[in-house]
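One letter stands for each residue in the lines below.
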Amino acid sequence: MRRPWAGFIALSGTTTAILLALQRFAQDTFALQNSPELRFFSLRIPTLLALPDPARGIITTTPCLTTLFAFLFRDFFPVVAGGLTVSGGLCTLRGRKFIASVLLFFSLPFLALVLSSPAFTMGALFLAFGFSGLQRAEDDHTARFLGNLAFGLSALCHPVGFWLLPIFALCTVLSVEASWLRRGTHVILALSPFLLFGGMSLFFGWVYGGYPLLPFLDPALSLGAFLALEKPSFALQPSEVLLAAPFLGVLLSGGLSQAVFALGMLGVAFLRPYLFPPSGVSVLFGLALLLSKKDRPGEWLVFLAFFLLGLGLFLARFPSG
Amino acid sequence: MFLAPQTTLKVLFALVNLAFFAQVLFKLLVGLAGSSRESLAISKEELESLDPRKLPVYTVLLPLHREPPEVIEQLTSAIRALDYPQEKLDILFLIEEDDPETLRACKAAHPPYNVRFILIPRGFPKTKPRACNFGLAFARGEYLTIYDAEDIPEKDQLKKAVLAFRKLPKEYVCLQAALNFYNATQNLLTRLFTLEYSFWFDYLLPGLSRLRLPIPLGGTSNHFRVEALRKLGGWDPFNVTEDADLGMRAHYRGYRVGILPSTTFEEATSHLKNWIRQRSRWLKGYLQTFLVHNRRPLHVLKTSGFRGWLTLQLFIGGTPLGYAASVVLWGVFFAWLLSRGKLLEPYFSGPILCIGAMNLFVGNFLGVYFSMFAVFRRNLDHLLPFALLNPLYWALAGIAAWKGIGQLLSRPFFWEKTVHGMFRRKGP
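Predicted model only: the values in this text are computed from it and were never measured.

Draft legend 1. Structural context of the overall build of chain A. The number of helices and strands found in chain A is 17 helices and 0 strands. A burial count over chain A gives 47% of its 321 residues as buried. A sequence separation of at least 24 residues applies to 76% of the contacts in chain A between residues at least 6 apart.

This is the structure:
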């Protein structure tokens, strides 16, 4: 067996096993029952099961892909989402950035995020794919195509992508050096998948409910509307400071579009905090960085410096531990 | 079926939707493989360093049938413009015996001295591959290519082909150049045709080549090693998409088809009737190829492997059958839509509804999106919005598919001629 595949299987298998163990034995520790996202699905699934045709209920729920996963895997949905995220990330990395991926995928904030917010985690993976696609070479059509498609698929996973749409458009404009007309074409290509996949719910809402916006506005059908009713859950966790700082540092120093992405993400996190579960931002940063093209010279120095800064902030905030 | 019509229809819908889904996945994988950068790059320096004295004789087959004089004139100019030593060019005009008008027009155009006229004797079937087989018998070159009467290849295409053949291993017996149109913006039909061709030749065929799958060759601008082509037995004169059939046969023998980084510009049919005629012939030919090769499915599996077999089913058979089925499915979709899902509720529920929704949105979108990327890659940004009209274009292809199916039963070997010369090219 070739080494990258051995590493891939070992890492994704171990993460899935850890997630399974954590889900079974440490539910109270992570307060999974208080997760708004899990509560949404736990309310929605029995309703779907009671319908004469659950498929109809699934396609009129936003986001529909994660609802389908939740419907199929029930209690194991978080574990499956985590396994898919780790496998998807590692498939793209193909043996690169091994230490960074171990740091991210085995960190407590990541595991906690997966178990408490599986839909966000899946969405974060697709969003990270989308943003990393912009980091690839300008003429790499495969990366751009897949990145745009992945960003579009995030619309089927979690509502956070709707707020990141203008940031993605801006990053697209910044990622190419071409005439403004050509940049405009890039933006059309970048946003088309998201608009179409996002528009699916409008269509099915109209066909089955008679009102296109129903799957977006009804808290029983829309994860976004449901989360908006919840108390804002965004709060910079102590462990998150440590995890987010190095990724944020590298993103901020990695060129204009990466910096815009990181700052835009932080902006949305503060404007719409209910969409970002604890450690959501840091995991998204981590994924975006991991999936970007390659290590730049000096990247590790920035990584280390911001890691120390994060540690300092962490210790300063909690001097007594 | 008569005992349980509802169950039968349900199973049919499920099967058609699953087949569509499989085709969408197949095209996605092939398109992605084709979207990566060109593996066979030929630099300007390499072209300039070619010694004209060491270039091999190159045969160019030009099957001509009922071509208007202006098309012949354009053809003669395109031949003269080819950047290849004239003494090394062996050009064969293949003219049907019962087509004296074309022969007269060819003589009147005063083609260069290296052009030979081959009169194809009357016979059955009267098809392009039959004419090409005559041409192959008279070919003197080490390499051979085919152009249509209205084709304008890039000037250095033959030199590029020679360089590519020299670079590639012997198993590469054919190189397919990309085809595109010089009248892309003539009308809506030509715009949509350009979107389709850009995806087909810039994504799908390179993808098939990269994945080592059988390639249904395009009708023109395929360059062959003559020796290998003779070993393959030339073209099947009864097949109206002889190149698709040849691509399959080449794959059985372990030969490979590469993609030449060069484009031949053609005239897109701009009249609907003419387009339907051309498309129905292509789709009929794909069905012929599908049926002929499925006579011995185990042989296909043995010689071409599972992936080759899958290509035959999903790509060669799936293309005409998919278009034909799509017309019916669009009809079903609109009936479902108008009744807000009530009319066909028993047939579209559960997993079928999910797969159907996926096909409707993701499948159709991928088709549209790939063509958007394809014209974007060719810097034809102005065609981008027209990609949204692709479903209309596919509906037309569905009509052509049904015509092709009907003709396969009534006149299987009839070659429906595409009328050329409807667009006068402006400028050089």
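Draft legend 2. View of the overall build of chain B. Helix and strand counts for chain B come out as 13 helices and 8 strands. Taken against the 2.2 N^0.38 rule, which gives 22 Å for 428 residues, the C-alpha radius of gyration of chain B at 22 Å falls within 12% of a compact globule. Across its three principal directions, the C-alpha atoms of chain B cover 70 × 45 × 45 Å. Out of the 428 residues in chain B, the part that is buried amounts to 46%. Counted over contacts in chain B with a minimum sequence separation of 6, partners at least 24 positions apart contribute 84%.

Draft legend 3. Structural detail: unusual backbone geometry. Here the bond from Thr62 of chain A into Pro63 of chain A is cis, since omega is 0°, no more than 30 degrees from zero. Within the fold, Pro63 of chain A resides in the loop between helix 3 (54-59) and helix 4 (64-73). Cis geometry is found at the peptide bond from Phe124 of chain B to Pro125 of chain B, where omega equals -5°. Take Pro125 of chain B: it is sitting in the loop between strand 3 (115-120) and helix 5 (128-138). Non-glycine residue Arg66 of chain B carries a positive phi angle of around 50°. In this structure, Arg66 of chain B sits in the loop between strand 1 (58-64) and helix 3 (69-81).

Draft legend 4. Looking closely at helix 6 (residues 157-167) of chain B. The buried fraction of helix 6 of chain B amounts to 8 of the 11 residues, a majority that puts the element mostly inside the structure. Here helix 6 of chain B has its buried residues at Gln157, Leu158, Lys159, Lys160, Ala161, Val162, Ala164 and Phe165 of chain B.

Draft legend 5. Quick peek at helix 9 (residues 242-252) of chain B. Residue and element names in this part refer to chain B. Among the 11 residues that make up helix 9, 9 are buried, leaving the element largely enclosed by the rest of the structure. Buried within helix 9 we find Glu242, Asp243, Ala244, Asp245, Leu246, Gly247, Met248, Ala250 and His251. On its buried face, helix 9 is in contact with helix 5, strand 6 (172-181), strand 7 (222-225), strand 8 (256-266), helix 10 (272-293) and helix 11 (297-338). After helix 9 finishes, the residue Gly254 shows a positive phi value of roughly 85°.

Draft legend 6. Geometry of the nonpolar core. Among the nonpolar cores identified, the biggest contains 188 residues, and Ala128, Leu284, Phe285 and Ala288 of chain A together with Leu62 and Leu94 of chain B are the most heavily contacted of them. Ranked by the residues each element gives to this core, the list is headed by helix 8 (residues 118-135) of chain A, at 11 residues. Those residues in contact with Leu94 of chain B that lie beyond four places of it in its chain are Leu61, Leu62, Pro63, Leu64, Ile118, Ile120, Ala131, Cys132, Phe134 and Gly135 of chain B.

Draft legend 7. Seen up close, the interface of chain A and chain B. Facing 19 residues of chain A, the contacting portion of chain B comprises 21 residues. Contributing elements (two or more residues each) for the side of chain A that touches chain B: helix 3, helix 9 (141-153) and helix 11 (180-209) of chain A. Element by element, the count of residues in the side of chain A that touches chain B is highest for helix 11 of chain A, at 11 residues. Partitioning the side of chain A that touches chain B into residue classes produces 12 nonpolar, 4 polar and 3 charged.

Draft legend 8. View of the environment of Ser87 of chain A. Residue and element names in this part refer to chain A. Mapped onto the elements of the fold, Ser87 is located in helix 5 (residues 77-93). Ser87 sits in the partly exposed class, given 18 other C-beta atoms within 10 Å. C-alpha separation for the pair Ser87 and Thr16, spaced 71 residues apart in sequence, amounts to 9.6 Å.

Draft legend 9. Spatial organisation of the sheet that holds strand 4 (residues 143-146) of chain B. All names here are of chain B. Strand order in the open sheet made by the 8 strands is 3-2-1-4-7-6-8-5, with mixed pairing throughout. In this open sheet, the two edge strands, each paired with only one partner strand, are strand 3 and strand 5 (152-153). Packing of helix 4 (residues 100-108) onto the sheet brings it into contact with strand 1, strand 2 (89-96) and strand 3, and relative to strand 2 it is tilted by some 150°. In the packing of helix 7 (residues 188-210) onto the sheet, contacts are made with strand 6 and strand 8, and the angle to strand 6 comes to roughly 160°.

Draft legend 10. Geometry of the confidence of the model for chain B. Looking at chain B as a whole, the pLDDT averages 92, with 98% of positions reaching at least 70. Interface scoring of the predicted complex returns ipTM 0.86; its pTM is 0.89.

Draft legend 11. Spotlight on the environment of Leu343 of chain B. Residues and elements named next belong to chain B. When you line up the elements, Leu343 lands in the loop between helix 11 and helix 12 (350-377). Here Leu343 falls in the partly exposed class, since 14 other C-beta atoms lie within 10 Å of it. Note: C-alpha distance between Leu343 and Asn114 (229 residues apart in sequence) is 67 Å. Not counting residues within four places of it along the chain, the set of residues in contact with Leu343 comprises Ala335 and Trp336.

Draft legend 12. Main features of the pairing of strand 7 of chain B. Residues and elements named next belong to chain B. Sheet topology note: the strand 4/strand 7 ladder contains 3 bridges and is antiparallel. Each bridged residue has a counterpart across the sheet, and for Tyr143 the counterpart in strand 7 is Arg225. Inspection of the sheet shows strand 6 paired to strand 7 by 3 bridges, in the antiparallel sense. Bridge assignment links Cys174 to a residue of strand 7, and that residue is Phe224.

Draft legend 13. Highlighting the environment of Phe204 of chain A. All names here are of chain A. Tracing the chain through its elements places Phe204 in helix 11. Residue classification places Phe204 among the buried positions, given that 24 C-beta atoms sit within 10 Å. Taking the C-alpha atoms as reference, Phe204 lies 21 Å from Leu191; in sequence the two are 13 residues apart.

Draft legend 14. How the structure looks around the pairing of strand 8 of chain B. All names here are of chain B. Burial within strand 8 is extensive, with 8 of its 11 residues counted as buried. Two strands pair when backbone bridges link them, and strand 5 and strand 8 are joined in this way by 2 bridges, in the antiparallel orientation. Bridge pairing links Ile152 to Phe265 in strand 8. In the sheet, strand 6 pairs with strand 8 via 9 bridges, with the strands oriented parallel. Within strand 8, the position partnered with Leu175 by the bridge is Gly258.

Conventions we followed
- Residues numbered from 1 in each chain as written.
- Chains lettered and ligands numbered in written order.
- Predicted model: local features only at pLDDT ≥ 70, side-chain atom pairs only at ≥ 80, totals over all residues.
- Helix = DSSP H or I, 4+ residues; strand = E, 2+ residues; numbered from the N terminus.
- Buried ≥ 20, exposed ≤ 12 C-beta atoms within 10 Å, placed from the backbone.
- Contact = placed C-beta atoms within 7 Å.
- Rg over C-alpha atoms; globule rule 2.2 N^0.38 Å.
- Core = buried A, V, L, I, M, F, W, Y, C linked by C-beta atoms within 7 Å.
- Nonpolar A, V, L, I, M, F, W, Y, C, P; charged D, E, K, R; others polar.
- Pairing = 2+ DSSP bridges.
- Axes fitted to C-alpha atoms, helices over the stretch in contact; angles between N-to-C directions.
- pLDDT = per-residue confidence, 0-100.

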